[in-house]
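Chain by chain, the residues run as shown.
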Amino acid sequence: MTSQIDATSTSKKERFWKRILIIDDDADITTTFKLGIEDANGDTNNNRRIEVHTYNDPTAALSEFQPNFFDLLLVDINMPHMNGFQICEKILELDINVRVCFMSSGEINREALREIYPVSLGCFIKKPVNMDYLIERIKAELD
Amino acid sequence: MTIKTDQQQNKCALCRKLIKEQQEDKSAIHAEVIDGTSYTFDKNECMLMFKRLRSVYGAEFENSLVPHEQFVSDPFWNRAIPTVQEIKDIEIEKKAAGEEERVLAKQNTIKLIEDPDEIQRTAVDIGTAAKDEVLIIFSTPNAFHRQERLGGIQALKEAVEKRGINARILTPKDESIENTVRTLMQQGKHPKIEMRYIEPSLQSQVTTLIVDRKSSLVVELKDDTKESIYEAIGLGIYSNRKATVLSYVSIFESLWKQTELHEQLETLYEQLKIHDQMQKEFINVAAHELRTPIQPIIGLAEILRSKKDMITTSRDVYDEYLSIIIRNARRLKELTDNILDVARIESQSMKLNKQKADIPSLILQAIQESIENQTNIINHNVKLMYNPSRKNDESNIVLSVDKGRIIQVITNLISNAIAFTKKGVISITKETRMEEDGSSVIVTLKDTGSGIDPQILPRLFTKFTTRSEKGTGLGLYICKRIIEAHGGKIWGENNDDEGATFGFSLPIATIR
């Protein structure tokens, strides 16, 4: 379920409006989100196409991360080995411009979350989420 | 206490008596010639003198004496009691002490003691006379420490060890008491000193000593901040009257009992806290595990609905989406079943629906179910081996079991083995074993996976115990309860080489 990133081709980047990176340890969820978001490209005009890359292993996502390539990081909070906050911190060190959306299906209280992670909590998505809402939320974040 | 004030003569700075150093043991003996008579004193008498001086001049005496013995000795000397008088006093004191002993020995006596020194002496006297039991309630942690410094605790420990008496101490605690108690417990060969901590709110203003349920000494606390017992304590009341002593005994016993209850309550409270924490963790894990499979189901169903027209054109995509949906729906079903099972077990409403069945066919059904659900078997990463074994094997015997439940156990063990054996072999065997309490059918699953984490090994079958990335820690708990409900046993251990072996037994006699 891991996508290879072809960062060498800059011309390819121009074919898409934005690129997002989804990191979630559940492969069925990354598949669903990738399908949902990329399918929605067909509904909008081609100028606003979104390309989705997915990783199920946060460590691999980090080691293969390419700076200045992604516009948005959609990252699950509860993951083994490295949680969403940890990976987000490391990715922001590599690329300060990437925006971040956290997501979780756990019992997470936003207030408590604000205390743990005070930065970039503008975007938080509770799973399970409606595909329409997810796409809307992502586009709002990318605009 | 002593200092050389003169090149020729050694004089005690305190009593100004001559000091003759004994070569053999280096202990000082004071000597003086008064009116042509030579007196000698041992250190203890000088100590008495010291106490007397301090009782007159207070802390100032002690503080200034130590660094400046020479300087202070003259003015103090001039104001102190003359030696001759002091010797007389000592004689009187000794006599008084003798009378005191007689008073203590008298039956039905109550005595009010004002002198702190005498109070301490009385405590030591009745304590050392103990034949059977010493009970002490300390007023404050400092009262305990003062007695510890005076050697009272050590003396009690020795009495307990040498004379075999029982001692129980109640004291409000602080950190250093806990250390003392720990050392007392470690050193003691005869653990006859028992200590319990009084809740701070029950702390009193008196220290109570009860010996053999025959005599008591109650000492008032005057100033707990003082280090010296002479300044810290007030009046003491000695009694050997039955009514008084037994009343103190019952106060002691009720406090002792209450402290025990308090300790039990604290333990229970700790357990409750752990349980509460586990429940919270379970809710977190369950919420995560229940919501995660919902996402692909909702998401892909929505995608499929939006693609209604295209379905016919890409049959493969359609199948892939559906199989993801079905897989996640199954995950949800399994989890809800587990949660409901735990609820049934805890409310003791899990009923076994026993039917006749033979173990080999149950194993085969379980394998069949596992193959349907586990992609790793289909992908040939994990090899599942089972030999239904020879004919006339007694383990093929027909038992009366809840077929569904036993299949559930085997499937659960297979699915665990697969989860921890990403690539390797799982072999299932069965046999009959004769044991003292009857024969049983044993089913074992041996895998070549990562084995059981030693950290969770002791609580493997306890609820919420999991090392799996996707696990609620309910599976093995449910398995254990199912097997136990059938009168059998379940176990799990690491193999010597690699992986783990899980097994369970079902007794033949009791089930048949």
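Residues numbered from 1 in each chain as written. Chains lettered and ligands numbered in written order. Predicted model: local features only at pLDDT ≥ 70, side-chain atom pairs only at ≥ 80, totals over all residues.

1. Looking at the overall build of chain B
- Each helix and strand counted, chain B has 16 helices and 19 strands in total.
- The buried share among the 512 residues of chain B stands at 27%. (Helix = DSSP H or I, 4+ residues; strand = E, 2+ residues; numbered from the N terminus. Buried ≥ 20, exposed ≤ 12 C-beta atoms within 10 Å, placed from the backbone.)

2. Description of the sheet that holds strand S11 (residues 215–221) of chain B
All names here are of chain B.
- Spatial ordering of the open sheet is given by S6-S12-S11-S10-S7-S8-S9, a layout of seven strands whose pairing is mixed. Looking at the sheet topology across the chains shown, the edges are occupied by strand S6 (110–113) and strand S9 (193–198). Each neighbouring strand pair of the sheet contributes to a mean axis angle of 10°, computed without reference to strand direction.
- Contacts from helix H7 (residues 152–163) reach strand S7 (133–137), strand S8 (166–172) and S9, with the element oriented near 140° to S9.
- Lying on the sheet, helix H10 (residues 242–306) is in contact with S6, S7, S8, S9, strand S10 (206–211), S11 and strand S12 (233–239); it crosses S9 at an angle near 75°. (Pairing = 2+ DSSP bridges. Axes fitted to C-alpha atoms, helices over the stretch in contact; angles between N-to-C directions. Contact = placed C-beta atoms within 7 Å.)

3. Let's talk about the sheet that holds strand S3 (residues 72–76) of chain A
Residue and element names in this part refer to chain A.
- The sheet built from five strands is open, its strands ordered S2-S1-S3-S4-S5 with parallel pairing. Every interior strand has two partners, whereas the edge strands, strand S2 (50–55) and strand S5 (124–126), have only one. Across the sheet, the mean angle from the axis of one strand to that of its neighbour is 20°, orientation sign disregarded.
- As judged from the five bridges shared by S3 and strand S4 (residues 99–104), these two strands associate in the parallel manner. Directly across from Val75, in S4, lies its bridge partner Phe102.
- Lying on the sheet, helix H2 (residues 27–40) is in contact with strand S1 (18–23) and S2; it crosses S2 at an angle near 175°.
- Across the sheet, helix H4 (residues 84–94) touches S1, S3 and S4, and the angle it forms with S3 is around 155°.

4. Digging into the nonpolar core
- Of all hydrophobic cores here, the largest spans 37 residues; its most connected members are Ile363(B), Val409(B), Ile410(B), Leu413(B), Ile414(B) and Cys479(B).
- Put simply, the parts of the chain that give this core at least two residues each are helix H12 (359–373), strand S14 (382–386), strand S15 (398–401), helix H14 (403–420), strand S16 (424–435), strand S17 (438–447), helix H15 (475–485) and strand S19 (500–507) of chain B.
- Apart from residues no more than four positions distant in its own chain, Ile363(B) is found in contact with Tyr386(B), Ile410(B), Ile428(B), Lys430(B) and Val443(B).
- Grouped together as the second largest cluster of nonpolar side chains are 32 residues, Ile37(A), Ala61(A), Val75(A) and Phe102(A) included. (Core = buried A, V, L, I, M, F, W, Y, C linked by C-beta atoms within 7 Å.)

5. Concerning the interface of chain A and chain B
- Taken together, the contacts link 18 residues of chain A with 17 residues of chain B.
- Element by element, the count of residues in the side of chain A that touches chain B is highest for H2(A), at eight residues.

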